[in-house]
Amino acid sequence: MEAVEQFNTLPGIGKKTALRLAVHMLGREKEEVEAFSRAFSKLKENVTFCKECGNISDREICDICSSSRRNRSVICVVEDLRDVLAIENTQQYDGLYHVLGGHISPMDGIGPGDLNIDNLLTRAQNGETEEIVLALSTTMEGDSTNFYLYKKLQPFSVNVSTIARGVAIGDELEYTDEVTLGRSIVNRMPYESSISRKE
Amino acid sequence: MHLKNLHLVHFKNRDQADLEFVDGINCFVGNNGVGKTNLLDSIYYLAFCKSFFNPIDSQNIQYDEGFFVIEGTFDRNEKDEKIYCGFKKGDKKQFKRNKKNYDRFSDHIGFLPLVMVSPADTELVYDGSEVRRKFVDGVISQFNSSYLDNLLKYNKAVSQRNALLKKMGEEQRWDASSVEVWNMQLLQYGQPIYEARREFLDEFIPIFQQYYNLIGNESEEVSLVYKSRLHEASFEDLLQQSEPKDARAQYTTVGVHKDDLKFEIKGHPLKKFGSQGQQKSFLIALKLAQFDFMKMKKGIKPLLLLDDIFDKLDKNRVKALMSLVSEHHFGQVFVTDANKTRIQELFEDIDTALRIFEVQPNETKLITEK
């Protein structure tokens, strides 16, 4: 069945679940199924990627990039648009974003050329950018991508920073893994800056 | 630390077994193929969550059966630890300590230190450098917890760098800044590995030589030599220098993943110049040095499993080994041998608790107790 194969192409959906979903769709009203498939077609037609930052958008430039209330001197670099949503939900950041579209991983065939990097280098030189915050996964691939970007950004007059790494809030020390705890000790911070945060 | 009892169901060729051991010497005697080594292997399972011989759990189930169970009670720091390992075909392996499931087997490995001396150790002499690195890595990771983590990350970085080299080779280009990224990762994780190996071997080699002199012949000078390109130059320089070579080969040609441990006798390779007896003494000395090292680092005497080690050793060597046993240098020891009389004679005068079990196809009988 063609529909089963299509469902099967989705992430996290195996053969059995695909079959279950297809059978479920069979049992629904014709209009409902049409509305369903229309929604998907529209998704691809109407949603594009922001020319500036690479985030999803229904216009050429996304809401964040075109907003006058955002701080245009800081750009936060993330792997994908889910990270943008996650950081937006913290309500602690009012700068701009840059979505790379992944991280460097030669084993998966992803090199720097496959990521939205050239555009970031252009933005770094646009005169208004003062700081670039690297907010990538704390995996080896994320680290490698950080290092690559850092090297590429060095010639420009922007500060490059990275998000803090350490013990998660609400965690007990004895259950924290050694690497994280070790890093938290090495990169300790003045007590004042730990209490002057808005929650 | 010692193993008090062992209970098996459908493990390899043992249908059932219920054995009680002494905190001393426990021997399994019997003909070839009756399953003496399988009994040792089941003890190994309880310490390492897998077989010493066959890493595929389903192949360790008795023929025509659907599951196996290994259960043992250890006395560790005067506390009973009940270890359970069960595997059912098609299911995940269950591993429990005092009825509590382990989430990760790696949390258990190292809890019950154990050293196995087996005829299969000859692979350390004959096989490629990988098995020798594995031996060294295995010993170090038992007491240095960040070592294994560095090793896993280092190996991943090598795979990533190799994938990059391969891709660039196919596309006939060289992207220096991409290579640099992975060089940095290799340095970050490889350097501590190199240092840990060097430190370990500095400490380990004298212990090894002492053992060889004891069970081997003092006039035979033996050594272990840590081979690494990192002795010559800094890892950073080596990586840079080997870039043209790596580009041609399309893989990473230098690093701690190419290290080796050379076995030498009188300055020559043991593989080519050592007799079978010398090789056997060499390997036993290597494993006993591992025993001493773990005892020193962990403060617990590991269990010692000696599988069929009396063949090919002359009387003097066996005697020297037995004197170590009688001096209570070791903790609990498990021994297998096909020759019942030899074992009975060997341990006759030794002043330690002793049990000899005769292993038969369908049952295991206690025949001597002291």
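Residues numbered from 1 in each chain as written. Chains lettered and ligands numbered in written order. Predicted model: local features only at pLDDT ≥ 70, side-chain atom pairs only at ≥ 80, totals over all residues.

**Topic: the interface of chain A and chain B**
Alright, step 1. With 13 residues of chain A at the contact, the number on the chain B side is 18 residues.
Alright, step 2. Going through the elements one at a time, helix H7 (140–153) and helix H8 (178–186) of chain A are the ones with two or more residues in the side of chain A that touches chain B.
Alright, step 3. Among the elements that line the side of chain A that touches chain B, the one with the most residues is H7 of chain A, at five residues. (Contact = placed C-beta atoms within 7 Å. Helix = DSSP H or I, 4+ residues; strand = E, 2+ residues; numbered from the N terminus.)

**Things to note about the packing of helix H4 (residues 145–170) of chain B against helix H5 (residues 176–215) of chain B**
All names here are of chain B.
Alright, step 1. H5 packs onto H4 with a crossing angle of 150 degrees between their chain directions and a minimal axis gap of 9 Å. As summarised for this structure, H4 and H5 are arranged roughly antiparallel, according to the angle between their axes. H4 and H5 meet at a crossing whose hand is left-handed. Packed against H4, whose contacting residues are Tyr147, Asn150, Leu151, Lys153, Tyr154, Ala157, Val158, Gln160, Arg161 and Leu164, the element H5 presents Ser178, Val179, Trp182, Gln185, Leu186, Tyr189, Gly190, Pro192, Ile193 and Ala196 at the interface.
Alright, step 2. Grouping the amino acids of the contact of H4 with H5 by side-chain chemistry returns 13 nonpolar, five polar and two charged. (Axes fitted to C-alpha atoms, helices over the stretch in contact; angles between N-to-C directions. Parallel < 35°, antiparallel > 145°, perpendicular 65-115°, else oblique. Left-handed = near helix turned anticlockwise from the far one by under 90°. Nonpolar A, V, L, I, M, F, W, Y, C, P; charged D, E, K, R; others polar.)

**Describing the domain arrangement of chain B**
Residues and elements named next belong to chain B.
Alright, step 1. Here chain B is described as being made up of domain 1 (1–113 + 300–370) and domain 2 (128–299).
Alright, step 2. Every contact between the two is made by 13 residues of domain 1 and, on the other side, 14 residues of domain 2.
Alright, step 3. Broken down by element, the side of domain 1 that touches domain 2 gets its largest block of residues, three residues, from helix H10 (residues 315–326).
Alright, step 4. Within the side of domain 1 that touches domain 2, the residues separate by chemical class into eight nonpolar, one polar and four charged. (Domains from an automatic or database assignment.)

**Quick look at the confidence of the model for chain A**
Alright, step 1. For chain A, per-residue confidence averages 90 on the pLDDT scale, and residues scoring 70 or more make up 98% of the total.
Alright, step 2. Per-element mean pLDDT across chain A ranges from 80 in helix H9 (residues 191–195) of chain A up to 97 in strand S3 (residues 74–78) of chain A. (pLDDT = per-residue confidence, 0-100.)

**Concerning the UniProt feature "binding site: ATP" (unreviewed entry) in chain B**
All names here are of chain B.
Alright, step 1. In this structure's numbering, the residues bearing the UniProt feature "binding site: ATP" (unreviewed entry) are Gly30, Asn31, Asn32, Gly33, Val34, Gly35, Lys36 and Thr37.
Alright, step 2. The residue Asn31 is located in the loop between strand S3 (25–29) and helix H1 (36–48) in this model.
Alright, step 3. Since 12 C-beta atoms lie within 10 Å of it, Asn31 is described here as exposed.
Alright, step 4. The residue Val34 is located in the loop between S3 and H1 in this model.
Alright, step 5. Excluding residues that lie within four positions of it along the chain, Val34 makes contacts with Val359, Gln360 and Pro361. (UniProt positions renumbered as here; feature names shortened; annotations may be inferred. Buried ≥ 20, exposed ≤ 12 C-beta atoms within 10 Å, placed from the backbone.)

**Overview of unusual backbone geometry**
Residues other than glycine predominantly adopt negative phi, and peptide bonds predominantly adopt the trans conformation.
Residues and elements named next belong to chain B.
Alright, step 1. In this structure, Asn98 is a non-glycine residue whose phi angle is positive, near 50 degrees.
Alright, step 2. Along the polypeptide, Asn98 turns up in the loop between strand S6 (94–97) and strand S7 (100–101).
Alright, step 3. Residue Asn98 is classed as exposed on the basis of its C-beta count, with 11 C-beta atoms lying within 10 Å.
Alright, step 4. A positive phi angle, near 55 degrees, is found at Asp308, a position not held by glycine.

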